[in-house]
Amino acid sequence: MKSATPKVLHEICGRSLVGHVLAAARELDPENLVVVVGHAREKVTAHLAEAAPGVRTAVQAEQNGTGHAVRMALEELGGGVDGTVVVVCGDTPLLSGETLKQLSATHSADGNAVTVLTAEVPDATGYGRIVRDASGAVTAIVEHKDATEAQRGIREINSGVFAFDGQLLADALKKVRTDNSQGEEYLTDVLGILREAGHRVGASVAADHREIAGINNRVQLAEARRILNDRLLTAAMLSGVTVVDPATTWVDVTVTFEQDVVVHPGTQLLGSTHLAEGAEVGPNSRLKDTKVGAGARVDNTVSDGAEVGPEATVGPYAYLRPGTRLGLKSKIGTYVETKNAQIGEGTKVPHLSYVGDATIGEYTNIGAASVFVNYDGEQKHHTVVGSHCKTGSDNMFVAPVTVGDGAYTAAGSVITKDVPPGSLAVARGQQRNIEGWVARKRPGSAAAKAAEAASREAGGEG
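Residues numbered from 1 in each chain as written. Predicted model: local features only at pLDDT ≥ 70, side-chain atom pairs only at ≥ 80, totals over all residues. Heavy atoms only, no water.

**Q** Talk me through the nonpolar core; I want residue IDs and the actual numbers.
**A** Ranked by internal contacts, the top residues of the largest apolar core, which has 42 residues, are Leu-269, Leu-275, Val-308, Val-314, Ile-332, Val-355 and Phe-372. Taken together, the elements giving at least two residues each to this core come down to helix H8 (218–238), strand E24 (318–320), strand E26 (331–343), strand E27 (348–360) and strand E33 (401–403). Excluding residues within four positions of it along the chain, Leu-275 makes contact with Thr-256, Phe-257, Glu-258, Val-261, Val-263, Leu-269, Val-281, Leu-287 and Val-292. (Core = buried A, V, L, I, M, F, W, Y, C linked by side-chain atoms within 4.5 Å. Buried < 20%, exposed > 50% of the residue type's maximum accessible area, 1.4 Å probe, protein only. Helix = DSSP H or I, 4+ residues; strand = E, 2+ residues; numbered from the N terminus. Contact = heavy atoms within 4.5 Å.)

The following block contains the structure:
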């Protein structure tokens, strides 16, 4: 990956690669779930502790092959396991729980000692080839580096995903040798060992070969992201969501929708974002961990950790920061930024304003170019504006301050004191006009000439 980030911690669609694999594995409802960690294990273990609680880890101090890795996992579980052991790779984010269930069911139904998940791929380069006998039984898996020319022509490949009889697996791993091109313990050698001992080796073919694709570089990462994103959008559309342009719409696996949502082009929906029935988002919006209420409209907006109430409107060009809560039918307009702000039902902040650390009541209108001055250089302070207030344009509310219900504030005011309910607050200097200033200070200028002409015209009319 050419990255300081371990491969399995690279993310697509809101989860790490290993996180996607764990999500699929959990659909089997396993008694134990063990991740083998080796390279950069401190970072991987820390990630698992946060993102996958309950998962156990087994340390592979030296990377001596896939067979050795599975031995470390079994040692973590006491050396052997009764029942079925399913082995998956940590870099296959497209693997689905449904495919793993099919593998496990085939393994049990056929009474196999081991069942390998296989797939037919257009280009098998780099993959282990599935070798079958005349009856179709699996006789071996040959790694690409060790394969003959004839074997390299085989298009059925090993996915690296297996279902084993736990006790037979533990015993066979003790017999795996390292006389191969890499000098490693290959897990695939277990198949031959079990077959030679008279046990049945079977296969389960994945319906879609893309599910088993491993990620080894950024190109493959992008390809997997597109496939998974298409899968997620298809599921959303089939559930009643309109996605106007799937090619430019990106969603995380944790995003949820209700029916009759409309998502316009250029939109990213991330984290725990939820769009309620009839909500409309985009174009060109990025919502993370945001709840959008029924019938709300969010246009050209960036939102992080906000809640948009039913039938509210946001944007265009708005920025909703964490802690923003918009009430029913409220409005956040063009070039408005909010943070830790509770906006009441029907209240409007139409344009060019910053509302931070504030509570605003119902059916209040905040004038254009208003700033809630919440930071004194050391601490944040809170502003309260009541219900049915009308605040003038170019106001500054210097927190902590309260504007009572039904109050007005004059344009250009700097509000530093509480405003009683029903009052008009005027906090600005008195205007005075210095006549003739332009002629004296800017003689001969275009402004002076225009003023002189206006004066003559006014004098003539008089």
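**Q** Outline helix H1 (residues 17–26), listing residues and values.
**A** Burial within H1 is extensive, with eight of its 10 residues counted as buried. Listing the buried residues of H1 in full gives Leu-17, Val-18, Gly-19, His-20, Val-21, Leu-22, Ala-24 and Ala-25. Structurally, H1 contributes buried residues whose contacts are with strand E1 (11–12), strand E2 (15–16), strand E3 (34–37), helix H2 (41–51), helix H4 (97–110) and H8.

**Q** Can you break down the pairing of strand E9 (residues 156–165) residue by residue, with the values?
**A** Of all 10 residues in E9, nine are buried, a share of seventy percent or more. Two strands pair when backbone bridges link them, and strand E5 (residues 84–87) and E9 are joined in this way by four bridges, in the antiparallel orientation. Pairing of Val-87 across the sheet is with Phe-162, part of E9. Bridge count between strand E6 (residues 114–120) and E9: six bridges; the pairing is antiparallel. When the sheet's bridge partners are listed, Thr-115 is paired in E9 with Ala-163. (Pairing = 2+ DSSP bridges.)

**Q** With reference to specific residues and values, describe unusual backbone geometry.
**A** Put simply, Gly-282 and Pro-283 share a cis peptide bond, and its omega is 5°. Counting through the fold element by element, Pro-283 comes out in the loop between strand E17 (280–281) and strand E18 (286–288). Here the residue pair Gly-315 and Pro-316 is connected by a cis peptide bond, since its omega of 5° sits within 30 degrees of zero. Tracing the backbone shows Pro-316 in the loop between strand E23 (313–314) and E24. We note that Lys-2 has phi near 55°; this positive angle belongs to a residue other than glycine. Among the secondary structure elements, Lys-2 is positioned in the segment before E1.

**Q** Go over the packing of aromatic side chains with me, naming the residues and quoting the values.
**A** Evaluation of the coordinates by the stated rule reveals three aromatic pairs. Between the aromatic rings of Phe-162 and Phe-164, the centroid separation amounts to 5.5 Å while the plane-to-plane angle is 35°, which identifies the pairing as tilted. Consider the rings of Phe-372 and Phe-397, whose centres lie 4.9 Å apart with planes at 35°: the pair is tilted. Residue Phe-372 is located in strand E29 (residues 371–373), and its partner Phe-397 is located in strand E32 (residues 396–398); the two are separated by 25 residues in the primary sequence. (Phe/Tyr/Trp six-rings, centres within 6.5 Å; stacked < 30°, edge-to-face > 60°.)

**Q** I'd like to hear about the side chain of Ser-204, residue by residue, with values.
**A** As for its placement among the helices and strands, Ser-204 is situated in strand E10 (residues 201–205). Looking at Ser-204, the relative accessible area reads 3%, which means it is buried. Looking at Ser-204, its side chain comes within polar contact range of the side chain of Gln-102, at 3.0 Å. Those residues in contact with Ser-204 that lie beyond four places of it in its chain are Gln-102, Leu-103, Thr-106, Thr-115, Val-116, Leu-117 and Thr-118. (Polar contact = N/O pair within 3.5 Å; in protein donor to acceptor, adjacent residues only side chain to side chain.)

**Q** Got a sec to walk through the state of the cysteines? Specific residues and values, please.
**A** Simply put, the disulfide is a covalent bond whose two ends are the sulfur atoms of two cysteines. Applying the stated rule across the entire model yields zero disulfides. Looking at Cys-13, it has no disulfide partner, and the nearest cysteine sulfur is the one in Cys-89, 20 Å off. (Disulfide = S-S within 2.5 Å.)

**Q** Could you give an account of the environment of Leu-103, naming the residues involved and the relevant values?
**A** Of note, Leu-103 is situated in helix H4. Taking relative accessible area as the criterion, Leu-103 reaches 0% and is therefore assigned buried. Considering only alpha carbons, one finds Leu-103 and Glu-277, 174 residues apart in sequence, at a separation of 37 Å.

**Q** Could you give an account of the pattern of salt bridges, naming the residues involved and the relevant values?
**A** Applying the stated criterion across every chain, the model contains 17 salt bridges. Glu-27 is paired through a salt bridge with Lys-101; the nearest N and O atoms lie 4.0 Å apart. Taken together, the residues Glu-27 in the loop between H1 and E3 and Lys-101 in helix H4 connect sequence positions 74 residues apart. Among the residues examined, Glu-27 registers a relative accessible area of 44% and is labelled partly exposed. In this structure, Arg-297 and Glu-280 form a salt bridge, with 3.8 Å as the shortest nitrogen-oxygen distance. With Arg-297 in strand E20 (residues 297–298) and Glu-280 in strand E17, this residue pair connects regions lying 17 residues apart in the sequence. Take Glu-280: its relative accessible area is 27%, and that puts it in the partly exposed class. Residues joined in a network through salt bridges with shared partners are Arg-71, Glu-75 and Glu-185. (Salt bridge = Lys/Arg side-chain N within 4 Å of Asp/Glu carboxyl O.)

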